[in-house]
Amino acid sequence: MKQDKIIFFDTTLRDGEQSPGASMNFQEKLLVAKQLETLGVDVIEAGFPISSPGDFESVKAIAKAVKKSSVAGLARASEKDIKAAWDAVKYAKKPRIHIFLATSDLHIEKKLQKTRAQILEMAVKAVKYGKSLCKDIEFSAEDAGRSDMDFLCKVVEAVINAGASTVNIPDTVGYTMPAEFGAKIAEIKKRVPNINKAIISVHCHNDLGLAVANSLSAIENGARQVECTINGIGERAGNASLEEIAMAIKVRPHYYNVGHNINTKEIYKTSKLVSSLTGVAVQVNKAVVGANAFAHESGIHQDGVLKSRETYEIMNPADVGVPESSLVLGKHSGRHALFNRIKSLGYKLESKALEQIFEKFKVLADKKKVIFDDDIVALIEEDAASE
Ligand code: KIV
Ligand code: ZN
């Protein structure tokens, strides 16, 4: 049976840039877009063209520069926004207009001060207008995670009839739980009669640290596009992280039984580029791309990894573009890792000398968090001098 492919929609340049302090200039956005294309992202959301003249220009430049990925521009459900989005993305080989409108009662009443009937009408009108300009229309039901299911299904059905080829179900405030969110996707698939005419997409925020889990649960239940960002950056606690979703699918192929176009070997390079340009650091224990993701400190783990990498690594670091795992020498490290490092530093020592250095190493490790190669060389020289 042919395997489905998950469409990766990267919104680092739009939602990601909404991380406080993460804004990028024109050249930086262009650099990130080119790298996202190399990474194999299917759709690049380049920005929100109506939001500023600078954003409009960078979306337009990205649309001209990117050849393989689709380029999307965000728009509210208004003609002015949609026209601006189209004017920016129309230069792309594969342009997309992404229209969003809230469907939860909270947003409808408090933020938009409208009724459900008005929202339904606005959504249909916006999608029809978008479709008159662009073949590829995505509609997002903002705050779908907290929307009434009857109304959400009604909106989804109506926007597909109006021409949306992708319907996005965002968990805008990261409120849902994985099983609950997966069930919502399953319910939409079951209840919306024309759902097979569109791709179901999800866009999960990370307020409770569940964005990736929710996205994966949605995939299990039929979503075929995931919206995500590099390093999980984005509004508030961020968006689902592209690298974590891509690697979960790669590491567990039989569990998900879907494929994707992400060239995972480009992940680390992309992560570094985005963190250096946005100034948003990657936490050291971040899955897949954190500095400690392939670092081992405990003696038992180091011994295991030296015997067979798979004992404590479920991914090959080379698969995400990290050249090799690292054995960090510290107070939890054992003989095997230390002796291995001494050998790799070019020393051939007798077992008596090795044991003496190991004793001194343990004393030093109690005082220092990490033992560097220079510390080891100093211990070796000191030991040799005392003989
Ligand atoms: O979080 C959200 O709902 C969004 C939409 C614009 C898709 O970012
Ligand atoms: Zn968002």
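Structure: above.
All residue numbers refer to positions counted from 1 along the written sequence of the respective chain. Chain A is the first chain written and ligand 1 is the first ligand written, with later ones labelled in order. It should be noted that, the model being predicted, local features are given only for residues of pLDDT at least 70 and side-chain atom pairs only at 80 or more, the latter also being counted only at that level, while totals for whole chains, interfaces and linings use all residues.

Draft legend 1. Seen up close, the pairing of strand E8 (residues 225–228). Of the two faces of E8, the one holding Gln225 and Glu227 and the one holding Val226 and Cys228 are both buried throughout. At least two DSSP bridges between two strands are needed for those strands to be called paired. Working definition: helices are DSSP H or I runs of at least four residues, strands are E runs of at least two. Numbering for both runs from the N terminus. Alignment of strand E1 (residues 4–10) against E8, held across 4 bridges, turns out to be parallel. The residue of E8 that forms the bridge with Phe8 is Val226. By the bridge criterion, 3 bridges tie strand E7 (residues 199–204) to E8 in an arrangement that is parallel. Paired with Val202 across the two strands is Val226, which belongs to E8. A crossover counts as right-handed when, viewed with the strands pointing away from the observer, the path leading from the first strand over the helix to the second turns clockwise. Handedness of the E7-helix H8 (residues 211–220)-E8 crossover: right-handed. Buried residues are those with 20 or more other C-beta atoms within 10 Å of their own C-beta, exposed residues have 12 or fewer, and partly exposed residues lie in between; C-beta atoms are placed from the backbone.

Draft legend 2. Focus on the site of ligand 1. Residues are classed as near a molecule or strand if the C-beta position derived from their backbone is within 6 Å of it. Ligand 1 sits among Asp15, Phe100, Ser140, Glu142, Asn168, Pro170, Thr172, His203 and His205. Among the secondary structure elements, those contributing two or more residues to the shell around ligand 1 are strand E5 (137–142) and strand E6 (166–171).

Draft legend 3. Structural detail: the environment of Phe294. Assignment of secondary structure puts Phe294 in the loop between helix H11 (267–278) and strand E10 (295–296). C-alpha separation for the pair Phe294 and Ser325, spaced 31 residues apart in sequence, amounts to 4.8 Å. A residue pair is marked as a contact if its C-beta atoms, positioned from the backbone, fall within 7 Å. Aside from chain neighbours lying at most four places away, what touches Phe294 is Glu313, Pro317, Val322, Ser325 and Ser326.

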